[in-house]
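Report on the structure
In case you want the letters, here they are:
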Amino acid sequence: MPGFSLEKMYALLGTHEVPGTDQQLQKLCIRLSELARINGEKWIIQHREKLLKEWESAIQRKLIK
């Protein structure tokens, strides 16, 4: 299942400062595209700070491989 491109992900999150390896970032692109399909891209923009905090926490806790 293809996800967003990295540039699309960065645009929706409003930053290029997203932690993770290339493989981890690809997983985030897929997850964000799934969320956009369910809730819409506007929802991602409205919740970008929460999404980034949750992502950073998951990376720090090594929950995403």
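Before reading on, note that the structure itself is shown above.
Residues numbered from 1 in each chain as written. Predicted model: local features only at pLDDT ≥ 70, side-chain atom pairs only at ≥ 80, totals over all residues. Heavy atoms only, no water.

A separate point is helix α2 (residues 22-39). The terminal C-alpha atoms of α2, which comprises 18 residues, lie 25 Å apart, in line with the 26 Å expected from a rise of 1.5 Å per residue. Along α2, the residues classified as buried are Gln24, Leu25, Leu28, Cys29, Leu32, Ser33, Leu35 and Ala36. Where α2 is buried, its residues meet α1 (6-13), α3 (41-46) and α4 (48-60). (Helix = DSSP H or I, 4+ residues; strand = E, 2+ residues; numbered from the N terminus. Expected span 1.5 Å × (residues − 1). Buried < 20%, exposed > 50% of the residue type's maximum accessible area, 1.4 Å probe, protein only. Contact = heavy atoms within 4.5 Å.)

Here we take up α4. Between its first and last C-alpha, α4 extends 18 Å over 13 residues, near the 18 Å set by a 1.5 Å rise per residue. Buried within α4 we find Leu51, Leu52, Trp55, Ala58 and Ile59. When α4 is viewed along its axis, its buried side chains cluster within an angular range of 125° and face the same direction. Pointing more than 90 degrees away from the buried face of α4 are the exposed residues Glu49, Lys50, Lys53 and Gln60. Those residues of α4 that are buried lie in contact with α1, α2 and α3. Positive phi appears at Lys62, one or two residues downstream of α4, with a value of about 60°. (Arc of directions from axis to C-beta.)

Mapped onto the elements, Gln24 comes out in helix α2. Apart from the residues lying within four places of it in its own chain, the contact partners of Gln24 are Trp55, Ile59, Ile64 and Lys65.

On to unusual backbone geometry. Its identity as a non-glycine residue notwithstanding, Lys62 has a phi of 60°, on the positive side. By relative accessible area, which is 67% here, Lys62 ends up exposed.

The next subject is the side chain of Ser33. With respect to the element layout, Ser33 can be found in helix α2. A relative accessible area of 6% places Ser33 in the buried class. Once residues within four sequence positions are removed from consideration, Ser33 is found in contact with Pro2, Gly3 and Phe4.

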